[in-house]
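# Descriptive structure summary
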Amino acid sequence: AIGCIFGELLLRRPLLAGHTEAEQIDMIFQFVGSPSERTWPGFASLPNVRRIKWKTYARGQIREHLGRFGIAATAFSGGSYLSDVGVDLLTRMLT
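Summarised in this report is the structure supplied together with it. (Residues numbered from 1 in each chain as written. Predicted model: local features only at pLDDT ≥ 70, side-chain atom pairs only at ≥ 80, totals over all residues. Heavy atoms only, no water.)

### Examining the nonpolar core
With eleven residues, the main nonpolar core is built from Leu-11, Leu-15, Leu-16, Phe-31, Val-32, Ile-62, Leu-66, Ile-71, Leu-82, Val-87 and Leu-90. When residues of this core are traced back to their parent elements, those giving at least two are helix H2 (21-32), helix H3 (62-68) and helix H4 (84-94). Once you skip the residues sitting within four places of it in the chain, Leu-66 turns out to touch Phe-31, Ile-71, Leu-82, Val-87 and Leu-90. (Core = buried A, V, L, I, M, F, W, Y, C linked by side-chain atoms within 4.5 Å. Buried < 20%, exposed > 50% of the residue type's maximum accessible area, 1.4 Å probe, protein only. Helix = DSSP H or I, 4+ residues; strand = E, 2+ residues; numbered from the N terminus. Contact = heavy atoms within 4.5 Å.)

Right under this line is the structure:
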């Protein structure tokens, strides 16, 4: 929750604004990567995990997603900026 609040402060709008539960989960997976047994031990044994076909998204795409929201990778862009340390902090708060 704190990672979403931090992201919303950066963006000045909801970070992950899905309209349905399925859309919300998909947006989260796109942003932080799909869970796996390696990243979330016990994930495969959760109810409904096998019943629902999840899309697979790579981890480590947060910087790219922030770019789509207008958060630049360098301070010289003239817009909003988040350093690598800031991206690391956001990543840790979201995962």
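### Focus: H4
Within an α-helix, residues lying three or four positions from one another point in the same direction, as the helix has 3.6 residues per turn. Within H4 the residues assigned to the buried category are Gly-86, Val-87 and Leu-90. One face of H4 carries all of its buried residues, which in axial projection span an arc of 100°. Facing away from the buried surface of H4 by more than 90 degrees, the exposed residues are Asp-84, Val-85 and Arg-92. In this structure, the buried residues of H4 make contact with helix H1 (2-11) and H3. (Arc of directions from axis to C-beta.)

### A look at H1
For H1, the set of buried residues is Gly-3, Gly-7 and Leu-11. Projected down its long axis, H1 shows its buried positions confined to an angular sector of 65°, all on one face. Across from the buried face of H1, at angles greater than 90 degrees, the exposed residues are Ile-2 and Leu-9. A positive backbone phi angle near 65° is found at Arg-12, which sits one or two residues after H1.

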